Amino acid sequence: MATIHIDSRELRVANIFCVARNYVAHAAEMGSSIGPEPVVFLKPTSALLPHGAPIPLPGWSSDIHHEAELVVAIGRDGRNIDRASAMSYVAGYALGLDLTARDVQRVAKQNGQPWTLSKGYAGSATLTAFVPAEALPRPGEVSFRLEIDGETRQHAEVGQMAFDIAALIAWISERFGLTEGDLIYTGTPEGVGSIHSGQQLRLVLDDLIDETLRVA
Ligand code: MG
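This one's a predicted model, so the numbers in the text were calculated from it and none came from an experiment.

Visitor: Kindly report on the coordination of the magnesium ion, identifying the contributing residues and their values.
Guide: Distances from the magnesium ion to its protein donors, E67 (OE), E69 (OE) and D98 (OD), fall within 2.0 to 2.1 Å. Judged by relative accessible area, D98 falls into the buried class, the value being 0%.

Next up, the structure:
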């Protein structure tokens, strides 16, 4: 059972929603663009890597990519949530990696198949510790970055998301419904690339989050 902790609160992880493209420059580097509505896919809860564990490199892929993302934890159930009240459903924030077997995803795209294996394999979703929503009253004004072995490889101004957090909560809650314990990986900025055994991946969000993971 996958659980997360936000201060003293324990939440059982329910659904893991991921936004496929939410920063213009990343959509462009993938040869794509951003449409009028979000593109959302799911990871199984078994994709979650235990907090702090080394990042696995599965033997059936030769190209695991990092995608650093802001992750939103949902604190209560909701359907048809409007933009105005959307942020009251947020329990907390973390950073995470939407790890992607890019070679496998490329074949799936070519064949019109789902991304489930390339995006949802065991260990493909990492999380830092969560900070409570109250600690981040204006998430649209923060930035985060991923460093690999001390070099910044991805940097995001959250305010540059095509669909902001309130818009994502409204859209997902209308189409799918939201459940206490749901996670939303809100999309990655440009700069995605391969990871390799032994690398140190450091995720930093302003002065609130600073955690390093090692690639196994
Ligand atoms: Mg992603």
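Visitor: An account of unusual backbone geometry is requested, with residue identities and associated values reported.
Guide: Even without being glycine, N80 reaches a positive phi, approximately 50°. A positive phi is found at D206, a non-glycine position, where the angle reads about 40°. Structurally, the position occupied by D206 is in the loop between strand 15 (200–205) and strand 16 (209–214).

Visitor: Give me helix 3 (residues 102–111): which residues, what numbers.
Guide: Among all positions in helix 3, only R102, D103, Q105 and A108 are buried. Turning to helix 3, the residues buried within the fold contact strand 5 (64–66), strand 8 (100–101) and helix 4 (116–120).

Visitor: Which residues make up helix 5 (residues 165–175), and what values go with them?
Guide: Residues separated by three or four positions in an α-helix point in the same direction, a consequence of the helix having 3.6 residues per turn. Of all 11 residues making up helix 5, eight are buried, and the element is well covered by its neighbours. Residues of helix 5 that are buried include every one of I165, A166, L168, I169, A170, W171, I172 and S173, and no others. Buried residues along helix 5 sit against strand 3 (16–19), strand 4 (40–43), strand 6 (68–74), helix 2 (83–86), strand 7 (90–98) and strand 13 (183–185). Residue G177 follows helix 5 closely and has a positive phi angle near 85°.

Visitor: Explain the pairing of strand 2 (residues 9–12) to me, using residue names and the numbers behind them.
Guide: Sheet topology places strand 1 (residues 3–6) next to strand 2; four bridges connect them, and they run antiparallel. By the bridge assignment, I6 is partnered in strand 2 with R9. In textbook terms, the turn of a hairpin is the stretch between consecutive antiparallel strands, and for strand 1 and strand 2 this stretch comprises two residues, one of which, D7, has a positive phi near 50°.

Visitor: Please provide a residue-by-residue account of the side chain of Q105, values included.
Guide: Its place among the elements puts Q105 in helix 3. Judged by relative accessible area, which is 2%, Q105 ranks as buried. Beyond its immediate stretch of four places on either side in the chain, Q105 contacts T100, W115, S118 and K119.

Calculation criteria
Every residue gets a number counted from 1 within its own chain, in the order that chain's sequence is written. Reporting of local features is limited, given that this is a predicted model, to residues whose pLDDT is at least 70; pairs of side-chain atoms are given and counted only at 80 or more, and all residues count toward the totals for whole chains, interfaces and linings. Derived side-chain values reflect all non-hydrogen atoms in the structure, with water molecules and hydrogen atoms excluded from consideration. Coordinating N, O and S atoms are those within 2.8 Å of the metal (3.2 Å for Na, K and Ca), and as water is not part of the atoms, a site may appear to have fewer donors than expected. Only protein chains enter the accessibility calculation, which uses a 1.4 Å probe; a residue is then buried when its area is under 20% of its type maximum, exposed when over 50%, and partly exposed in between. Numbering of helices and strands starts at the N terminus; helices are DSSP runs of H or I of at least 4 residues and strands are runs of E of at least 2. Throughout, a contact is declared for two residues whenever any of their heavy atoms are within 4.5 Å. DSSP-based pairing: two strands are paired if at least 2 bridges between them are found.

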